[in-house]
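# Tertiary structure, described
Residues per chain, in single letters:
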Amino acid sequence: MARAGLTAERLTRAGAELADDVGFEQVTVSALARRFDVKVASLYSHLKSSQDLKTRIALLALEEMAERAADALAGRAGKDALVALADVYRDYAREHPGRYAAAQLRLDTETAAASAGVRHAQMTRAVLRGYDLTGEDQTHAVRLLGSVFHGYVSLELGGGFSHSAPDTQETWSRVLDALDALLRNWPAPGPGS
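Numbers given to residues run from 1 along each chain, matching the order in which its sequence is written. The model is predicted, so local features are restricted to residues of pLDDT at least 70 and side-chain atom pairs to those at 80 or more, both for listing and for counting; the totals for chains, interfaces and linings are taken over all residues. For side-chain calculations, the full set of non-hydrogen atoms in the structure is used, while hydrogens and water are omitted.

With that settled, the discussion passes to the overall build of the protein chain. Working definition: helices are DSSP H or I runs of at least four residues, strands are E runs of at least two. Numbering for both runs from the N terminus. Secondary structure assignment for the protein chain yields 10 helices and 0 strands. Moving toward the C terminus, one meets the helices and strands of the protein chain in the order α-α-α-α-α-α-α-α-α-α. The buried share of the protein chain, reckoned over its 193 residues, is 40%. By definition, residues are in contact when any of their heavy atoms lie within 4.5 Å. Sequence separation of 24 or more characterises 68% of the internal contacts of the protein chain that already satisfy a separation of 6 or more. Working definition: with a 1.4 Å probe on protein chains only, accessible area under 20% of the residue-type maximum means buried, over 50% means exposed, and in between means partly exposed.

Quick look at the structure:
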């Protein structure tokens with residue numbers, strides 16, 4: 001019989017909090033059971049496995065970031081939209097490092113297609129329409145933005161910039177200025193492309 005008060009949603013949220021506290025890689029059904037002071041077996045009526053729990057946390061994180069991004073992008077275009085989107089990812093990662101790591105979890109095709117990850121791609125493409133990028137150029141730019149945003153945030157969270165000047169906020173602003181300039185002057189395909 002399932003323990004009163006435990007639901008898949010409550011366990012997912014507790015797992016997300018655990019991820020923020022101890023790191024996403026440390027999240028297991030056993031660790032979650034210890035948090036609730038219950039036997040592991042009692043959680044299996046709500047969760048299939050630790051992988052199921054991690055997938056649920058990833059989906060929660062993607063949804064939370066998508067909600068923030070939609071709010072941040074409302075009424076913005078061009079560089080304002082670019083900065084707003086970038087700041088959503090960076091701020092979320094700083095506030096919820098475990099959930100942010102969860103959002104990077106590779107999902108199976110069906111789960112990914114039904115996730116808020118689709119909304120992230122749509123919002124990024126909406127930002128890029130402000131730069132008149134379409135087709136393959138837009139796809140290349142989506143990949144570039146994802147690489148820069150997530151690469152910078154991951155390095156910053158890992159302490160990669162903590163031992164040098166200038167301040168990381170100054171660098172972040174300069175990176176976004178550079179991305180804006182690049183997107184406004186997107187290069188034409190070269191020979192052989």
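After that view, the rundown keeps rolling.
Attention now moves to the nonpolar core. Remark: nonpolar core denotes a set of buried residues (Ala, Val, Leu, Ile, Met, Phe, Trp, Tyr, Cys) joined through side-chain atoms within 4.5 Å. With 56 residues, the main nonpolar core has L32, L43, L82, L128, F149 and L183 as its most contacted residues. Contributions of two or more residues to this core are made by helix 1 (8-22), helix 2 (29-36), helix 4 (50-73), helix 5 (78-95), helix 6 (97-103), helix 8 (117-129), helix 9 (135-157) and helix 10 (168-184). Among the elements that take part in this core, helix 4 stands out by supplying 11 residues, more than any other. When sequence neighbours within four positions are dropped, the list of residues in contact with L82 reads V127, Y131, L145, F149, L176, L179, D180 and L183.

This paragraph deals with helix 5. Taking 1.5 Å of rise per residue, the 18 residues of helix 5 would be expected to cover 26 Å, and the 26 Å separating its terminal C-alpha atoms lies within 8% of that figure. Residues of helix 5 that are buried include every one of G78, A81, L82, A84, L85, A86, V88, Y89, R90, Y92 and A93, and no others. Looking at the buried positions of helix 5, the neighbouring elements they touch are helix 4, helix 6, helix 8, helix 9 and helix 10. Here a helix's expected span is defined as the number of its residues, less one, multiplied by 1.5 Å.

Note on definitions: salt bridges are taken to be side-chain nitrogens of Lys or Arg within 4 Å of carboxyl oxygens of Asp or Glu. Using the criterion set out here, one finds 14 salt bridges in the structure. Put simply, E9 and R13 hold a salt bridge, and the shortest N to O gap is 3.8 Å. Of this pair, E9 and R13 both sit in helix 1, separated by 4 residues, roughly a single helical turn. The class of E9 is exposed, set by a relative accessible area of 56%. One connected set of salt bridges, linked through shared partners, spans E9, R13, D20, E64 and R99.

Let's shift gears to the environment of T171. Assignment of secondary structure puts T171 in helix 10. In this structure T171 comes out as partly exposed when scored by relative accessible area, which is 29%. Here the alpha-carbon distance between T171 and Y152, two residues 19 residues apart in the chain, equals 9.8 Å. The residues touching T171, leaving out its near neighbours within four places in the chain, are Y152 and P166.

Right, let's talk about the side chain of H96 for a bit. On the secondary structure map, H96 appears in the loop between helix 5 and helix 6. Looking at H96, the relative accessible area reads 18%, which means it is buried. In this view, H96 contacts D20 and R68; residues no more than four positions away in its chain are not counted.

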